[in-house]
Amino acid sequence: MASYDRSLQVMEYSILARTFDHYSNEDLHIMAQGSVAVNGGNFPIANVVMKLVQDQLYSLSHGVEWYIGFLTTLFCSFEKPIGEYMQKGGGRQDPLLPEYMAERIMDRIRETLHSSLVEKLQFVSIPWQLDVGRFAMHHAVDMVGKYQMMARALPLESVVPEANVILPGKPPERGRDASEVSTQGKYFFKWRGDMEEDPEPDARELAKRGAMGELMAQSIAKAGTFNIVDIVQGGFIQIYPMEWSMPQYTYVRRTAAGFYGRIALILVELLRASLQTSFITFIRREGALTA
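Asker: Whenever I open this one, the overall build of the protein chain confuses me. Can you help?
Answerer: Helix and strand counts for the protein chain come out as eleven helices and zero strands. Put simply, the protein chain runs from its N terminus to its C terminus through helices and strands in the order α-α-α-α-α-α-α-α-α-α-α. Relative to its 291 residues, the protein chain shows a buried fraction of 29%. Taking the intrachain contacts of the protein chain between residues at least 6 apart in sequence as the baseline, contacts between residues at least 24 apart amount to 83%. Of the accessible surface of the protein chain, which amounts to about 19300 Å², a share of 57% is contributed by carbon and sulfur atoms.

Below is the structure:
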């Protein structure tokens, strides 16, 4: 499953790393003009921001459809070792089956494997399309505020381990007992001089751990600030108003990227859940395919 895990990480990165730089100022101005009838005289920044988010979300569909096709190709590749086994007979001198019979069986295996994979991946593709459509049409402007309040209301005290938990100290010098038995043969450990020491952890990773710990500590200290009603009510998140004579296009792109990133993260987790429940569980149950 290593190939699958790596490919999914690449797919998630490509979803979250999308930018809004390719939208020119003229593009944003045209989007705004299309909303004038609804919003009156001010520059309709909220509509433009959500239109940008909507465009990016819809464009994700093509990438995920490509990824589903990639998974079909990846797992169909397992037909190759099956064919080689039938031809070579698991290391025997003579083929396990006559060539004409092996080809017929392989054709059937290819057909069955491909159709099974396509069928199962439909249960990933269809929910993805529905989820993208829902979030593209549902403009949850205050979702950002709700998540921030939730992070304070439900701090995860055990989410960031202490440094001494993940960075154990070096083992003490290995010695011998008082009987002074001479060393001989193979031991379960190496003497300190012969031991290969682990490299020092990356400084940035240690800094990340520390920063996460500080965030958790701040959340715990203010855990009683927001209650459930506050989170349900939402609010307190506004997009700055703008005038037609003073549009801030960089701010529009940056704000759209912020909303997109939070929605995309939810969609990524939904994609993972669909793949796990509808596809990977099937793969593991049916064939123990572990490439």
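Asker: I keep staring at the pattern of salt bridges and nothing clicks. Help me out?
Answerer: One side chain can pair with another of opposite charge once the charged atoms of both are near each other. Inspection of the entire model under this criterion finds four salt bridges. Its salt-bridge partner being Lys 51, residue Asp 55 comes within 2.8 Å of it at the nearest N-O pair. You can see Asp 55 and its partner Lys 51 sitting in helix 4 (residues 45-76), four residues apart, about one turn around the helix. Judged by its relative accessible area of 24%, Asp 55 falls in the partly exposed class. The class of Lys 51 is partly exposed, set by a relative accessible area of 33%. Lys 208 is the partner of Glu 205 in a salt bridge, and the nearest nitrogen-oxygen pair spans 3.2 Å. Taken together, the residues Glu 205 and Lys 208, both in helix 9 (residues 203-221) and three residues apart, mark about one turn of the helix.

Asker: Quick question: what am I supposed to make of the nonpolar core here?
Answerer: One recurring pattern in soluble globular proteins: nonpolar side chains tend to sit buried together. Counting 54 residues, the largest nonpolar core has Ile 15, Leu 57, Leu 275 and Phe 279 as the members making the most contacts within it. Those elements that place two or more of their residues in this core are helix 1 (2-16), helix 2 (25-33), helix 4, helix 6 (99-137), helix 7 (143-153) and helix 11 (249-287). The element contributing the most residues to this core is helix 11, with 16 residues.

Asker: Explanation requested: helix 9 in the structure shown.
Answerer: Residue pairs three or four apart in sequence face the same way in an α-helix, which turns once every 3.6 residues. The terminal C-alpha atoms of helix 9, which comprises 19 residues, lie 27 Å apart, in line with the 27 Å expected from a rise of 1.5 Å per residue. Its side-chain oxygen 3.0 Å from the backbone nitrogen of Arg 204, Asp 202 forms the N-cap of helix 9.

Asker: Explanation requested: the environment of Asp 21 in the structure shown.
Answerer: For Asp 21, the location among the structural elements is in the loop between helix 1 and helix 2. Sequence separation between Asp 21 and Arg 253 is 232 residues; the distance between their C-alpha atoms is 7.3 Å.

Asker: I tried to follow the side chain of Thr 72 on my own but got confused; where do I start?
Answerer: Mapping Thr 72 onto the fold places it in helix 4. Polar contacts involving the side chain of Thr 72 include one to the main-chain carbonyl oxygen of Ile 68, which spans 3.0 Å. If sequence neighbours within four positions are ignored, Thr 72 has contacts with His 114, Leu 117, Val 118 and Leu 121.

Cut-offs used in this document
Residues numbered from 1 in each chain as written. Predicted model: local features only at pLDDT ≥ 70, side-chain atom pairs only at ≥ 80, totals over all residues. Heavy atoms only, no water. Helix = DSSP H or I, 4+ residues; strand = E, 2+ residues; numbered from the N terminus. Buried < 20%, exposed > 50% of the residue type's maximum accessible area, 1.4 Å probe, protein only. Contact = heavy atoms within 4.5 Å. Areas by Shrake-Rupley, 256 points an atom, 1.4 Å probe, with all protein chains shown as cover. Salt bridge = Lys/Arg side-chain N within 4 Å of Asp/Glu carboxyl O. Core = buried A, V, L, I, M, F, W, Y, C linked by side-chain atoms within 4.5 Å. Expected span 1.5 Å × (residues − 1). Polar contact = N/O pair within 3.5 Å; in protein donor to acceptor, adjacent residues only side chain to side chain.

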